[in-house]
Amino acid sequence: MAKETSFDTAELLLFMGPPGAGKGTQAKLLCEARGLEQLSTGDMLRSHVSEGTELGKKAKAIMDAGELVSDDVIIAMVQAKLEEMQPVRVLFDGFPRTTAQAEALDELLAEASLKIDSVILLEVNEDELVERLLQRAQEQGRDDDTEEVIRNRMKVFHTQTAPLIDYYGQKEDGIKAVDGMGDVAAVSERIAKVLS
Ligand code: ADP
């Protein structure tokens, strides 16, 4: 039976997975179902870029190359967002992406006596990932969805973000791996199941 969700108590979920795994799409659905706010550091950075803020100006070139924006900038952005949330009901999407970010998040949460309820890893094979991202490039025209940048983002994921699978896997609550292949509805059902 599905666990009761009360929208006035804290809940923190974390989505991990390579670029193109469908984190953003699934995050939106899950947030609607559970009354969570989606905290996508990628979306936050893209807002800065489109608004032309100082941060956005600095981040653009890094994002266009498929590299990671500095940990300090990202952590400050997330901290500011968490501080304005009451209760903290959040789905982290695309954060943390480095061990330093994960450690900083642990500290922030410990200070607020909060903890991550579930870490979900969306798994999709690499050929499918590249295909999905190239398709998205045609539909949305994101500047970082060219084949060369996509390959670099994959590399960055494997070197800088994949170690977090172990980082969270070793914690008491572990990590919930979900097969991200197939259509959106099938994947969201699998996610709901591991959370029930
Ligand atoms: P995707 O998951 O499809 O790669 P995102 O929207 O999550 O896309 O991120 C786009 C870009 O924004 C990344 O390639 C990176 O440059 C930057 N970015 C997003 N989140 C982070 C983060 N937590 N740390 C560092 N850079 C980030």
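Up top you'll find the structure we're talking about.
Values in this document were obtained by computation on a predicted structure and should not be read as measured data. Throughout this document, residue positions are counted from 1 along each chain, in the order its sequence is written. Two thresholds apply to this predicted model, a pLDDT of at least 70 for residue-level local features and 80 or more for giving and counting side-chain atom pairs, whereas whole-chain, interface and lining totals are computed over all residues. The basis for every side-chain value is the complete set of non-hydrogen atoms in the structure, without hydrogens or water.

### Things to note about helix α5 (residues 99-111)
Here is step 1: What counts as a helix is a DSSP run of H or I of at least four residues, what counts as a strand is a run of E of at least two, and both are numbered from the N terminus. A helix's residues, less one, multiplied by 1.5 Å, set its expected span. For α5, with 13 residues, the first-to-last C-alpha span of 19 Å sits near the 18 Å given by 1.5 Å per residue.
Here is step 2: Buried residues are those whose accessible area, probed at 1.4 Å on protein chains only, stays under 20% of the maximum for their type, while exposed residues exceed 50% and partly exposed ones sit between those limits. The set of residues buried in α5 consists of Q101, A102, A104, L105, L108 and L109. Looking down the long axis of α5, one finds its buried residues gathered within 165° of arc, a one-sided arrangement. α5 presents E107, A110 and E111 as exposed residues on the side facing more than 90 degrees away from its buried surface.
Here is step 3: Residues are treated as being in contact if the distance between any of their heavy atoms lies within 4.5 Å. Packing partners of the buried residues in α5 comprise β1 (11-16), α4 (71-83), β3 (89-93) and α8 (163-169).
Here is step 4: Downstream of α5 by one or two residues, S113 has phi in the positive range, about 55°. What the arc describes is the spread of directions from the helix axis to the C-beta atoms.

### Here's the deal with the sheet that holds strand β5 (residues 176-179)
In any sheet, the strands associate via hydrogen bonds between backbone groups, in a parallel or an antiparallel arrangement.
Here is step 1: Taken in spatial order, the 5 strands of this open sheet run β2-β3-β1-β4-β5, and their pairing is parallel. Every interior strand has two partners, whereas the edge strands, β2 (37-40) and β5, have only one. Each strand of the sheet is rotated relative to its neighbour by a mean of 25°, with strand direction disregarded.
Here is step 2: We call two strands paired when DSSP finds no fewer than two bridges between them. When strand β4 (residues 118-123) meets β5, the two strands line up parallel, connected through 4 bridges. Considered in β5, the bridge of L121 is made with A177. Lines fitted to C-alpha atoms define the axes, with helix axes restricted to the stretch in contact, and inter-axis angles between N-to-C directions lie between 0 and 180 degrees.

### A look at the pattern of salt bridges
Here is step 1: Throughout this description, the term salt bridge denotes a Lys or Arg side-chain nitrogen within 4 Å of a carboxyl oxygen of Asp or Glu. Under the counting rule described, the total for this entry stands at 17 salt bridges.
Here is step 2: Of the charged contacts in the structure, one is a salt bridge between R34 and E11, with a shortest N-O distance of 3.0 Å. Here R34 is found in helix α1 (residues 23-34), whereas its partner E11 is found in strand β1, with 23 residues between them in sequence.
Here is step 3: You can call R34 buried: its relative accessible area is 11%.
Here is step 4: On the basis of relative accessible area, E11 is assigned to the buried category, the value being 7%.
Here is step 5: For K57, the salt bridge is made with E54, and the minimal N-O distance between the two is 3.4 Å.

### A look at the packing of α4 against α5
Here is step 1: One can describe the packing of α4 onto α5 by two numbers: an axis separation of 10 Å at closest approach and a directional angle of 30°. Comparing the axis directions of α4 and α5 gives the class roughly parallel. The chirality of how α4 crosses α5 is right-handed. Residues D71, I74, I75, Q79 and L82 of α4 pack against A100, Q101, A104, L105, L108 and L109 of α5.
Here is step 2: Each residue belonging to the contact of α4 with α5 can be placed in one class, and the counts come to 8 nonpolar, 2 polar and 1 charged. Working rule for angles: under 35 degrees goes down as roughly parallel, over 145 as roughly antiparallel, 65 to 115 as roughly perpendicular, anything else as oblique. We call a crossing left-handed when the near helix sits turned anticlockwise from the far one by less than a right angle, and right-handed when that turn is clockwise. Ten residues, namely Ala, Val, Leu, Ile, Met, Phe, Trp, Tyr, Cys and Pro, are considered nonpolar, four, namely Asp, Glu, Lys and Arg, are considered charged, and the remaining ones, Gly among them, are considered polar.

### Brief notes about the site of the ligand
Here is step 1: T41, R46, E67, Q101 and R153 are the nearest of the 19 residues found near the ligand.
Here is step 2: Polar contact is the term for a pair of N or O atoms within 3.5 Å; when the atoms are in protein, one must be able to donate a hydrogen and the other to accept it, and sequence-neighboring residues count only if both atoms are side-chain atoms. Here R46 contributes a side-chain N or O atom positioned 2.8 Å from an oxygen atom of the ligand.
Here is step 3: Here E67 contributes a backbone N or O atom positioned 2.5 Å from an oxygen atom of the ligand.
Here is step 4: Sorting elements by how many residues they give to the shell around the ligand places helix α2 (residues 41-51) first, with 4 residues.
Here is step 5: Of the residues in the shell around the ligand, the class split is 7 nonpolar, 4 polar and 8 charged. Note on terminology: near, applied to a residue and a molecule or strand, indicates that one of the residue's heavy atoms is within 4 Å of it.

### Things to note about the packing of aromatic side chains
Here is step 1: Note on aromatic pairs: the rings of Phe, Tyr and Trp (six-membered ring only in Trp) are paired at centre separations within 6.5 Å, and the planes decide the class, stacked below 30 degrees, edge-to-face beyond 60, tilted for the rest. Per the stated rule, a full pass over the model turns up 2 aromatic pairs.
Here is step 2: Relative to F95, the ring of F92 has its centre 5.6 Å away and its plane inclined at 50°; by these criteria the two rings are tilted. Across the pair, exposure class does not vary: F92 and F95 are buried alike.
Here is step 3: Judged by centre distance (5.1 Å) and plane angle (85°), the ring pair of Y167 and Y168 falls under edge-to-face. Across the pair, exposure class does not vary: Y167 and Y168 are buried alike.

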